[in-house]
Amino acid sequence: MTVTSLLNIAAFFLSSLAFQTADKKRNGDYHIEFEKIDNRVEVYMGDSLIYDSGIIRKNPKNMQIWVDIDDSLLEYSNELTIKLFNAMEGVPDGADIHWEVKYSIFEGEEVIYWEWYDSNDGKSGIVLEETYILE
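First, a word on scope: everything that follows refers to the structure included in this document. (Residues numbered from 1 in each chain as written. Predicted model: local features only at pLDDT ≥ 70, side-chain atom pairs only at ≥ 80, totals over all residues. Heavy atoms only, no water.)

### Some thoughts on the overall build of the chain
Helices and strands together make up the secondary structure of the chain, namely 2 helices and 8 strands. Going from the N terminus to the C terminus, the chain shows its helices and strands as α-β-β-β-β-α-β-β-β-β. Looking at the chain as a whole, 36% of its 135 residues are labelled buried. Taking as baseline every contact in the chain between residues at least 6 positions apart, the subset at least 24 positions apart corresponds to 68%. Total accessible area on the chain stands at roughly 8500 Å², and carbon and sulfur atoms take up 53% of it. (Helix = DSSP H or I, 4+ residues; strand = E, 2+ residues; numbered from the N terminus. Buried < 20%, exposed > 50% of the residue type's maximum accessible area, 1.4 Å probe, protein only. Contact = heavy atoms within 4.5 Å. Areas by Shrake-Rupley, 256 points an atom, 1.4 Å probe, with all protein chains shown as cover.)

### Concerning the side chain of Ser119
Among the structural elements, Ser119 can be located in strand β7 (residues 110-119). Setting aside residues up to four positions removed in sequence, Ser119 forms contacts with Ile97, His98 and Trp99.

### Observations concerning the packing of aromatic side chains
For any two aromatic rings, the description comes down to two numbers: the centre-to-centre distance and the angle of the planes. Per the counting criterion, the structure on display carries 4 aromatic pairs. Between Tyr103 and Tyr132, the ring centres sit 6.4 Å apart and the planes meet at 85°, which makes this aromatic pair edge-to-face. With Tyr103 in strand β6 (residues 99-107) and Tyr132 in strand β8 (residues 125-133), this residue pair connects regions lying 29 residues apart in the sequence. Assigned by exposure class, Tyr103 and Tyr132 land together as buried. According to the relative accessible area criterion, Tyr132 is buried, its value standing at 4%. Put simply, the rings of Phe34, Tyr103, Tyr113 and Tyr132 pair up and form one aromatic cluster. Above the face of the Phe85 ring, Arg40 is positioned so that its terminal group lies 4.3 Å from the ring centre. Looking at Lys83, its charged tip hangs above the ring of Tyr44, at a distance of 4.7 Å from the centre. (Phe/Tyr/Trp six-rings, centres within 6.5 Å; stacked < 30°, edge-to-face > 60°. Lys NZ or Arg CZ within 6 Å of the ring centre and 35° of its normal.)

Spelled out as structure tokens, the structure:
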């Protein structure tokens, strides 16, 4: 067996282990996977903030951010709200032309919502707010 073959086998086992570890960390039936955030996202269950991405600069092309929704949060509220902010606080309309968000909401391994919004309208502040009911 060559060194390359051994390295490929080792990489396969490490990636399998990483997948299993990530799966075990999940604390609920629901999670969100963000593929694009330009510039900032907040996630709420009811009126409680459960995730804030902070300002994401330079519009990265390969993004994968997971937000787990712990089952205990569903006891409080089943309303999931995602808010997208364009530009930094205090920046006037027109200073940052483009905004974009792309995400999937999963129940278990099944995608129940898939959304991709973008615009070049130049608005600042909250540019998108979507609410979902998790059953």
